[in-house]
Amino acid sequence: MVELPAQRALRELEMLSPWFDASAPGPQGPLPEGLHQPQPARLLIVLAPPRVGSFHLCRLLWGLGYGKPTEYFNPHPIYRSAFGRWGRWGSKDWLRTLVRERSATSLFSGRHLFATKLQPFQRRGSYRMVLERLLRPLRRSGQLTADPPFVVLLQRRNWPAATASLHFSRCTGAYDLGLETTHQGLPFEHLLDPQALSQTCAEMAFHRAWLEQACRALPPQLTLCYEELISHQAEQLGRLVGALEPDVDRAEPWIEAVLRRPIQREQFPWDGKRREWLQQLEAAVIALGA
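As the structure is a prediction and not an experimental result, all values here were calculated from the model.

**Quick look at unusual backbone geometry**
We note that arginine 51 has phi near 65°; this positive angle belongs to a residue other than glycine. Looking at the element boundaries, arginine 51 is found in the loop between strand 1 (42–47) and helix 1 (54–64). On the basis of relative accessible area, arginine 51 is assigned to the buried category, the value being 17%.

Now the structure itself:
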């Protein structure tokens, strides 16, 4: 059996780097004009509520060449500033540049894919409206294929744990690996405050309701579960490849090795304390009946 070394985990803010743009200079200098213009790409959307492992899935998709998904439509100033290099955030020209700069090529077929992670309320309106506002300018410009968007819904079986993680992130500002702060929505001293935790529970319920409505209106092509993705990665990624690229022969040994390739887990000196906080918060969420 072919074995591949673990992939280094890309951090959330690393995914925003201009070094991952198609026009980024390589060792030989900038690309000649026109050589970084990809052919039309199929749109792949990772649809997920917060704290269900969506960044883990995005990192796995980067490794497969299934686009370079991250939160391109996150309205937070960090994201808007980083992606402002493509023009006015959210404009038609910005969208077109985004797809040109961040499409990738499938390792299995050579097809071009543009992928993005989309969470509830990152853009105004219903999911159907958000999707239409994305598709219209991109299809008119010839940057997307005529195929319908391929939507992967990522869920989590343990919702109290997801809610605990959301509350921890809101109080610490740490949404990624470790404790790097990007946006602290609540004071740290509210970490175990019942009223603040109830607010977080209501926020998670709001996210889940939006997603349920979205999936009734436009059912996703594939639903993945975070816990199964962790315990049976190759099998779950194989389902994704089979649904997105059914003509790929997954019996090839090298494909199995790619699907099984793990992401390296970094160790931090505060991991134990973080786990203790999350366990306390999960128990508190359960006690609240959320």
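**Digging into the nonpolar core**
Soluble globular proteins tend to pack their nonpolar side chains together in the buried interior. Judged by nonpolar contacts, the single largest core of 35 residues is most densely connected at Leu47, Phe73, Phe83, Trp94, Leu98 and Tyr127. If near-sequence neighbours (up to four positions away) are discounted, phenylalanine 83 is found in contact with Leu16, Thr70, Glu71, Tyr72, Trp89, Trp94 and Arg102. Counting 33 residues, the second-largest nonpolar core is a separate cluster that includes Val46, Leu64, Trp159 and Leu229.

**Looking at the side chain of glutamate 71**
When you line up the elements, glutamate 71 lands in the loop between helix 1 and helix 2 (77–82). Within the structure, the side chain of glutamate 71 is placed 2.6 Å from the side chain of asparagine 74, a separation counted as a polar contact. A distance of 2.8 Å separates a polar atom in the side chain of glutamate 71 from a polar atom in the side chain of lysine 117. If we skip the residues at most four places from it in the chain, glutamate 71 touches Phe55, Tyr79, Phe83, Lys117, Gln119 and Gln122.

**Observations concerning the side chain of arginine 156**
With respect to the helices and strands, arginine 156 occurs in the loop between strand 4 (150–155) and helix 5 (159–172). Polar contacts involving the side chain of arginine 156 include one to the main-chain carbonyl oxygen of arginine 51, which spans 3.0 Å. Residue contacts for arginine 156: discarding those within four places in its chain leaves Arg51, Val52, Ala161, Ala162, Tyr226 and Glu227.

**Side note on the packing of helix 5 against helix 10 (residues 271–288)**
How two helices sit against one another is set out by the angle between their axes and by the gap between those axes. Packing of helix 5 against helix 10 leaves a shortest axis separation of 8 Å and a crossing angle of 120°. Put simply, helix 5 runs oblique to helix 10. Here helix 5 runs over helix 10; the crossing is right-handed. Contacts between helix 5 and helix 10 involve Pro160, Ala161, Thr163, Ala164, Ser165, His167 and Phe168 from the first element and Arg274, Trp277, Leu278, Leu281, Glu282, Val285 and Ile286 from the second. Per-class residue counts for the contact of helix 5 with helix 10 are nine nonpolar, three polar and two charged.

**Quick notes on the pairing of strand 3 (residues 112–118)**
Summarising burial for strand 3: seven of the seven residues are buried, a large majority. Neither face of strand 3 is exposed, since His112, Phe114, Thr116 and Leu118 on one face and Leu113, Ala115 and Lys117 on the opposite face are all buried. Across six bridges, strand 1 lies against strand 3 in parallel orientation. Across the sheet, the residue bridging to leucine 43 is phenylalanine 114, located in strand 3. Bridge analysis of strand 2 (residues 104–105) against strand 3 gives two bridges, and the strand direction is antiparallel. Within strand 3, the residue paired with threonine 105 across the bridge is histidine 112. A loop of six residues connects strand 2 with strand 3, the two strands running antiparallel in sequence, and glycine 110 in this loop sits at a positive phi of about 80°.

**Brief notes about the pattern of salt bridges**
Counting across every chain of the model gives 13 salt bridges. Between aspartate 21 and arginine 102 there is a salt bridge, with its nearest N and O atoms 2.9 Å apart. Linking aspartate 21 in the segment before strand 1 with arginine 102 in helix 3 (residues 92–102), this pair joins segments that are 81 residues apart in sequence. Here aspartate 21 falls in the buried class, since its relative accessible area comes to 8%. We classify arginine 102 as buried; its relative accessible area is 0%. Between aspartate 247 and arginine 111 there is a salt bridge; the shortest N-O distance is 2.6 Å. Within this pair, whereas aspartate 247 is found in the loop between helix 8 (233–244) and helix 9 (253–260), its partner arginine 111 is found in the loop between strand 2 and strand 3, the two being separated by 136 residues in sequence. Relative accessible area serves as the criterion here: at 37%, arginine 111 is assigned to the partly exposed category. The network of salt bridges with shared partners includes Asp21, Arg85 and Arg102.

Conventions used here
- Residues numbered from 1 in each chain as written.
- Predicted model: local features only at pLDDT ≥ 70, side-chain atom pairs only at ≥ 80, totals over all residues.
- Heavy atoms only, no water.
- Helix = DSSP H or I, 4+ residues; strand = E, 2+ residues; numbered from the N terminus.
- Buried < 20%, exposed > 50% of the residue type's maximum accessible area, 1.4 Å probe, protein only.
- Core = buried A, V, L, I, M, F, W, Y, C linked by side-chain atoms within 4.5 Å.
- Contact = heavy atoms within 4.5 Å.
- Polar contact = N/O pair within 3.5 Å; in protein donor to acceptor, adjacent residues only side chain to side chain.
- Axes fitted to C-alpha atoms, helices over the stretch in contact; angles between N-to-C directions.
- Parallel < 35°, antiparallel > 145°, perpendicular 65-115°, else oblique.
- Left-handed = near helix turned anticlockwise from the far one by under 90°.
- Nonpolar A, V, L, I, M, F, W, Y, C, P; charged D, E, K, R; others polar.
- Pairing = 2+ DSSP bridges.
- Salt bridge = Lys/Arg side-chain N within 4 Å of Asp/Glu carboxyl O.

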